[in-house]
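# Summary of structural features
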Amino acid sequence: MSELVSLSLFASHPWQEDHVLMVKGGVSKTMADLAVESGAVLRYVKTHPHQNWLVHSDDYWNTLCVLYALLEAGQIPCFVGSVADGFIQEIAGPDGWLLADEEGRRSSCIASLLSGPSEDSLLPIRADAPIVLYTSGSTGHPERVLHTLKDLEEGASMAYRVWSEQFGTRPFATSVPPYHIYGFLSVLLRSLIRGIVLKSERVMTTFQMGRLGNATFMTTPSFLKAVLADPASKDVNLSEGMIVTSGGLLDKEIASQCLERFGTWPYEIYGSTETGSIAWRQSKADEAWRPFPGIGWDVGEDGRLVLHSPLVNGGRPYVHDDLVKVAGGGRFFLLGRSDSVVKMGEKRISLVEVEGRIMELGIAKDCSVVALGDRRQYLAAAVVLNEKGHALLDPMSPAGRLKYLRTALARWFDPIVIPRKWRFVAAIPVNTMGKRRREDIMELLSDTYKGVRMHVQSQEEGKVVLLVTVSSSSPFYDGHFDNGIKLLPAVAQIDIVVHVIRTFLEPDFLLLSMPKSKFSAPIKPEMPLLLSVKGASGQYVFVFSREDGSVCAKGRVGNG
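Treat the numbers as computed from the prediction; the structure is a model and nothing was measured. (Residues numbered from 1 in each chain as written. Predicted model: local features only at pLDDT ≥ 70, side-chain atom pairs only at ≥ 80, totals over all residues. Heavy atoms only, no water.)

### Here we look at unusual backbone geometry
Phi is positive for Asp 120, which is not a glycine, with a value near 55°. Take Asp 120: it is sitting in the loop between helix H4 (110-114) and strand S7 (130-134). Residue Asp 120 is classed as partly exposed on the basis of its relative accessible area, which comes to 48%. Backbone geometry at Asn 313 places phi at a positive 60°, although glycine is not the residue there. Mapped onto the fold, Asn 313 is located in the loop between strand S17 (304-308) and strand S18 (318-328). (Helix = DSSP H or I, 4+ residues; strand = E, 2+ residues; numbered from the N terminus. Buried < 20%, exposed > 50% of the residue type's maximum accessible area, 1.4 Å probe, protein only.)

Next comes the structure, spelled out in structure tokens:
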């Protein structure tokens, strides 16, 4: 089917009842199913008059049924990326209710609603119906963004106009959640208005990706990077399909590996929650971005991207947070976010440039640089070492490492620009869309964890030694020892060990066992301790010892 059909026209469109919209669990979901199951949600919404309806589901069919029902009821669907009670309370108020994959104190399970009593019909919905999405919270505080169905669908159709031949009639599949702007606009709405069958469940594993066949796979750079690191990815063949990514820049080396391993070079979409899709590229040609049809742009005085789009800000110029430069031919290069440029002394410093120079040293797989300090700022770097980096830096003392790094970076930067603080970690944290949040990086670079002060004494591959002091105000003491004597509980000691493993050695470590752990001496507030942790592949040995070498606690932790 080549025509574009708005969701607002579903009730009147001459589709057959057996027209397939999605496939869920191997079962085709049709227009007739949408009428019955969205009708069940509509009946529930009508009999539960909440003022604010929030939606969070990983399943696209569930999301579609809830979306249609809320729009039929004249409600405003608000798509959120968190189901935490505190978050729901903050954004929805006392009369908000969440429709989600699981039932909770302030939520109903969508799957249960779908099988309930139904209105069994599709009612007309407004083309200009409002829809709310929340930003992913890169600043640490998600913000409410209001769109209309019409504008979102127009944004979804942009890529169809560019890639109609590549899309063809092949099915859509995705690893992206539908409550994110990329999943909602580029996957859900684009499949619906184009009449393309969508696989309802998210692709979460290499095995699932290997079964996509000729699908158009909408994903993120972080997912592709993880799959490429999996030896099983050698069996994934998408040479008859298409890969599209968003949610961050796709490194050209990763894109090249996708061609070598999967048989196709990914396309990329650049956009944001506030703007929807802005531009696209396929980096095997070059790394400049080409705006989608109808999107105008120029460069602001401060170097930021200024958008001119009928779908954004009421058609008025919209100043984006990203820095750009002209590439020629109506295209532009991305230079990083405006908040990636900081002023220290009289210098304007690009954090992206500092990160790039660290990567040029050839010792890192990944890194992130942030500015720290209140009155007097300085740069700090979190670095994931590669094999060369471990071989070079592991034998050095902390002072020796710092001297080496400062000397190496002095080729490009003045002393004020070179990071003063370095943290060598197992991975740089990202959210579900593969985006880095500044607050997570700041926590990674922090010297404290729940009131525990930590200073790295030595670090090498598979081992880290820290000087640890537990503050008397640490929450680890809360609820323990009412007689006024504060001693660090055994469970708190294990919590600290797990935090150290996840930060420095294995980011996905899951504690499942504690064989032969022994807690032989009390740990009091402000007592200096050395914590040694070493191991690999989910199995680690830890030792808490005093300055005189006597052991306070030791044992093993593992994932099985």
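### Considerations on the pattern of salt bridges
Counted under the stated rule, the structure contains 17 salt bridges. The partner of Asp 128 in a salt bridge is Arg 126, with the nearest N and O atoms 3.0 Å apart. Each of Asp 302, Arg 304 and Asp 321 takes part in a single network of salt bridges with overlapping partners. (Salt bridge = Lys/Arg side-chain N within 4 Å of Asp/Glu carboxyl O.)

### Remarks on helix H12 (residues 398-409)
Along its 12 residues, H12 runs 17 Å from first to last C-alpha, staying within 8% of the 16 Å computed at 1.5 Å per residue. Regarding H12, the residues found buried are Arg 401, Leu 405, Ala 408 and Leu 409. Each buried residue of H12 sits inside an arc of 90° when the element is viewed along its axis, so together they form one side. In H12, the exposed positions that point more than 90 degrees away from the buried face belong to Ala 399, Lys 403 and Thr 407. On its buried side, H12 packs onto helix H10 (351-360), helix H11 (387-393), strand S24 (421-424) and strand S26 (452-460). (Expected span 1.5 Å × (residues − 1). Arc of directions from axis to C-beta. Contact = heavy atoms within 4.5 Å.)

### Quick look at the environment of Lys 524
Inspection of the secondary structure puts Lys 524 in the loop between strand S28 (518-519) and strand S29 (529-536). Owing to a relative accessible area of 45%, Lys 524 belongs among the partly exposed residues under this scheme. For the pair Lys 524 and Pro 489, spaced 35 residues apart in sequence, the C-alpha to C-alpha distance is 9.9 Å. Apart from the residues lying within four places of it in its own chain, the contact partners of Lys 524 are Tyr 477, Lys 486 and Leu 487.

### A few points about the packing of helix H5 (residues 149-167) against helix H6 (residues 181-194)
Where H5 contacts H6, the axes come no closer than 8 Å and their chain directions differ by 70°. Here H5 is positioned roughly perpendicular relative to H6, judged by the angle of their axes. Taking contact as the criterion, the partners of Leu 149, Leu 152, Glu 153, Gly 155, Ala 156, Ser 157, Ala 159, Tyr 160 and Phe 167 in H5 are, on H6, Ile 181, Phe 184, Leu 185, Leu 189, Arg 190, Ile 193 and Arg 194. In the contact of H5 with H6, the residues fall into 11 nonpolar, 2 polar and 3 charged. (Axes fitted to C-alpha atoms, helices over the stretch in contact; angles between N-to-C directions. Parallel < 35°, antiparallel > 145°, perpendicular 65-115°, else oblique. Nonpolar A, V, L, I, M, F, W, Y, C, P; charged D, E, K, R; others polar.)

### A short note on the environment of His 19
On the secondary structure map, His 19 appears in the segment before strand S1 (20-24). What makes His 19 buried here is its relative accessible area of 16%.

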